[in-house]
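If you want the building blocks of each chain, they are given just below.
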Amino acid sequence: MAPSTKVLPLVITDKAEMREWSRSARRQGKTIGLVPTMGFLHEGHLSLVLEARRRADVVVVSVYVNPGQFAPSEDLSTYPSDFEGDLSKLRAVPGGVDVVFHPHDLYDYGQREVGGGVGGGGGDSGGNGSVSCLEEKSLGHETWVRVDRLEKGMCGKSRPVFFRGVATVVTKLFNIVEPDVGVFGKKDYQQWRIIRRLVRDLDFSIQVIGSEVVRDHDGLALSSRNVHLSPEEREKALSISRSLSRAKSATEKGQVDCQNLKDSVIQAIQEAGGKIDYAEIVDQESLESVEEIRSPVVFCVATWFGKVRLIDNIEIDV
Ligand code: PAF
């Protein structure tokens, strides 16, 4: 199937078909940009698509809620979705999107013999799309990609299987779509660093781009989960971005003590009614905690407002 520049997008659900589409694009000399998503797209995702458009000839957006990155206790079953809405948003992106890759179940290997090669069969239909990462036996899947050190801190502490699920599904998507460029949001800062590291460590020939956090008019970082916030919770959640920008301004005025900066952010969020999961100031590359800001850091926060867990961060370059 020939890649098209028309305002489509073409929806592909089958892995083999997706790979063949990409290979055909490559034979025509085109570079491929991939934007992996879990759907329920918002302006933040659309900015990733625009970034991919700037960097590659054709753009593939994957829409797949990856059960492998949810623990059984997490919100897989309530994760919002609106595939038709996603398609119309993607159609409206200037330049359009070439393909939406929307597999039913990326952990269904059909009846193929284990290690049976890439030819024949291997459809994405059937399977139980609702299994979570811990039920490996029912997944029939036992290979996981782990980025040992980077996955341990911050979100990895309260979500111990999250990053292995992300690293694994992104590896699968890279192997299926075979992109030249992958675009990820820096709102998920730890995820972005992990993906850059896995691409380097596993010698993928893919450039990983981090796109800046996209915020609502009042500063709230865009997230598919924001839809679950009540208007009051949403208002209170503004304490996250506001306290992070105050912390950044304080560093610009010479504050270097991380404990002080963290205390102020934690206090502001708690006063607004948020429950802190973590507030950490870490080195931008290694994600190691720092005590004093002497080199580029990122201030990362995860906090609960009601039943919604929100993350946000701000880079502080010195
Ligand atoms: O950031 C996300 O939406 C997901 O973690 C990703 C990268 C699409 C993998 O499922």
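This text goes with the structure placed above it.
Structural notes, computed from the coordinates. (Residues numbered from 1 in each chain as written. Predicted model: local features only at pLDDT ≥ 70, side-chain atom pairs only at ≥ 80, totals over all residues. Heavy atoms only, no water.)

Describing the overall build of the protein
For step 1, the next point in the chain: Across its full length, the protein holds nine helices and nine strands.
For step 2, the next point in the chain: Across the 318 residues that make up the protein, the buried fraction comes to 53%.
For step 3, the next point in the chain: For the protein, the computed accessible surface area is about 14700 Å², with 49% contributed by carbon and sulfur atoms. (Helix = DSSP H or I, 4+ residues; strand = E, 2+ residues; numbered from the N terminus. Buried < 20%, exposed > 50% of the residue type's maximum accessible area, 1.4 Å probe, protein only. Areas by Shrake-Rupley, 256 points an atom, 1.4 Å probe, with all protein chains shown as cover.)

Structural notes on the environment of Ser 81
For step 1, the next point in the chain: Note on placement: Ser 81 falls in the loop between strand E3 (58-63) and helix H3 (83-91).
For step 2, the next point in the chain: Classification of Ser 81 as exposed rests on a relative accessible area of 59%.
For step 3, the next point in the chain: Sequence separation of Ser 81 and Leu 41 is 40 residues, and the distance between their C-alpha atoms is 8.6 Å.

A short note on the site of the ligand
For step 1, the next point in the chain: Around the ligand, the neighbouring residues are Pro 36, Thr 37, Met 38, Asn 66, Gln 69, Val 166, Val 169, Asp 188 and Gln 191.
For step 2, the next point in the chain: Side-chain polar atom of Gln 69 to an oxygen atom of the ligand: 2.7 Å apart, as the coordinates give it.
For step 3, the next point in the chain: Between the ligand and Gln 191 there is a distance of 2.8 Å, counted from an oxygen atom to a side-chain nitrogen or oxygen.
For step 4, the next point in the chain: Across the complex, the protein chains shield 89% of the 290 Å² of accessible surface that the ligand would expose by itself.
For step 5, the next point in the chain: Sorting the residues of the shell around the ligand by element identifies strand E2 (32-37) and helix H6 (162-177) as the ones contributing at least two each.
For step 6, the next point in the chain: Along the lines of polarity and charge, the residues of the shell around the ligand split into four nonpolar, four polar and one charged. (Near = heavy atom within 4 Å. Polar contact = N/O pair within 3.5 Å; in protein donor to acceptor, adjacent residues only side chain to side chain. Nonpolar A, V, L, I, M, F, W, Y, C, P; charged D, E, K, R; others polar.)

Some points on empty space enclosed by the protein
For step 1, the next point in the chain: Using the criterion set out here, one finds one cavity of 30 Å³ or more in the structure.
For step 2, the next point in the chain: Space inside the largest cavity adds up to approximately 50 Å³.
For step 3, the next point in the chain: If you trace the largest cavity, you find it lined by Lys 187, Leu 220, Ala 221, Ser 223, Asn 226, Ile 240, Leu 310, Ile 311 and Asp 312.
For step 4, the next point in the chain: A class-by-class count of the residues in the lining of the largest cavity yields five nonpolar, two polar and two charged. (1 Å grid on protein atoms, 1.4 Å probe; cavity = no way out; pocket = protein on both sides within 12 Å on 5 of 7 lines; lining within 4 Å. Points joined across faces, edges and corners; volume = space filled by probe spheres on them.)

A closer look at the packing of aromatic side chains
For step 1, the next point in the chain: Taken as a whole and assessed by the stated rule, the structure comprises six aromatic pairs.
For step 2, the next point in the chain: Ring plane angle 65° and centroid distance 4.8 Å describe the contact between Phe 162 and Phe 163, whose orientation is recorded as edge-to-face.
For step 3, the next point in the chain: Residue Phe 162 is classed as buried on the basis of its relative accessible area, which comes to 10%.
For step 4, the next point in the chain: Centroid distance Phe 174 to Phe 204: 5.6 Å. Interplanar angle 70°. Geometry classified as edge-to-face. In this pair, Phe 174 sits in helix H6 while Phe 204 sits in the loop between helix H7 (189-201) and strand E6 (207-211), placing the two residues 30 residues apart along the sequence.
For step 5, the next point in the chain: The class for Phe 174 is buried, based on a relative accessible area of 2%.
For step 6, the next point in the chain: Three or more aromatic residues joined by ring pairs make a cluster, and in this case those are Phe 174, Phe 184 and Phe 204.
For step 7, the next point in the chain: Over the aromatic face of Tyr 107 sits the side chain of Lys 172, whose NZ or CZ is 5.0 Å from the ring centroid. (Phe/Tyr/Trp six-rings, centres within 6.5 Å; stacked < 30°, edge-to-face > 60°. Lys NZ or Arg CZ within 6 Å of the ring centre and 35° of its normal.)

As for the pattern of salt bridges
For step 1, the next point in the chain: By the definition in use, this model includes 21 salt bridges.
For step 2, the next point in the chain: Note that Asp 201 and Arg 200 form a salt bridge whose closest N and O atoms lie 3.0 Å from each other.
For step 3, the next point in the chain: What makes Asp 201 partly exposed here is its relative accessible area of 44%.
For step 4, the next point in the chain: Where Glu 292 meets Arg 294, a salt bridge forms, and the shortest distance between an N and an O atom there is 2.8 Å.
For step 5, the next point in the chain: Several salt bridges share partner residues, and in doing so they unite Arg 19, Arg 23 and Glu 178 into one network. (Salt bridge = Lys/Arg side-chain N within 4 Å of Asp/Glu carboxyl O.)

With respect to the sheet that holds strand E8 (residues 297-305)
For step 1, the next point in the chain: Spatially, three strands are ordered E7-E8-E9 in an open sheet, and the strand pairing comes out antiparallel. At either end of the open sheet lies a strand with only one pairing partner, and these are strand E7 (275-283) and strand E9 (308-316). Averaged over all pairs of adjacent strands, the angle between their axes in this sheet comes to 10°, without regard to strand direction.
For step 2, the next point in the chain: Pairing analysis gives eight bridges linking E7 to E8, with the strands arranged antiparallel. Within E8, the position partnered with Val 282 by the bridge is Val 298.
For step 3, the next point in the chain: Contacts from helix H9 (residues 258-271) reach E7 and E8, with the element oriented near 155° to E7. (Pairing = 2+ DSSP bridges. Axes fitted to C-alpha atoms, helices over the stretch in contact; angles between N-to-C directions. Contact = heavy atoms within 4.5 Å.)

Considering the pairing of E6
For step 1, the next point in the chain: Two strands pair when backbone bridges link them, and strand E5 (residues 181-185) and E6 are joined in this way by five bridges, in the parallel orientation. Bridge pairing in E6 links Val 181 to Gln 207.
For step 2, the next point in the chain: Considered for its hand, the β-α-β crossover made up of E5, H7 and E6 is right-handed. (Right-handed = clockwise from strand over helix to strand, strands pointing away.)

Remarks on the nonpolar core
For step 1, the next point in the chain: Counting 45 residues, the largest nonpolar core has Met 18, Trp 21, Val 60, Phe 101, Leu 106, Phe 174 and Ile 195 as the members making the most contacts within it.
For step 2, the next point in the chain: If you list the elements that add at least two residues to this core, you get helix H1 (15-27), E2, E3, strand E4 (99-101), H6, H7, E7 and E8.
For step 3, the next point in the chain: Element by element, the count of residues in this core is highest for H6, at 10 residues.
For step 4, the next point in the chain: Residues contacting Ile 195, with those up to four places away along its chain left out, are Val 166, Val 170, Phe 174, Phe 184 and Val 208.
For step 5, the next point in the chain: Ranked by size, the runner-up nonpolar core spans 23 residues in total, among them Leu 229, Leu 261, Val 308 and Ile 314. (Core = buried A, V, L, I, M, F, W, Y, C linked by side-chain atoms within 4.5 Å.)

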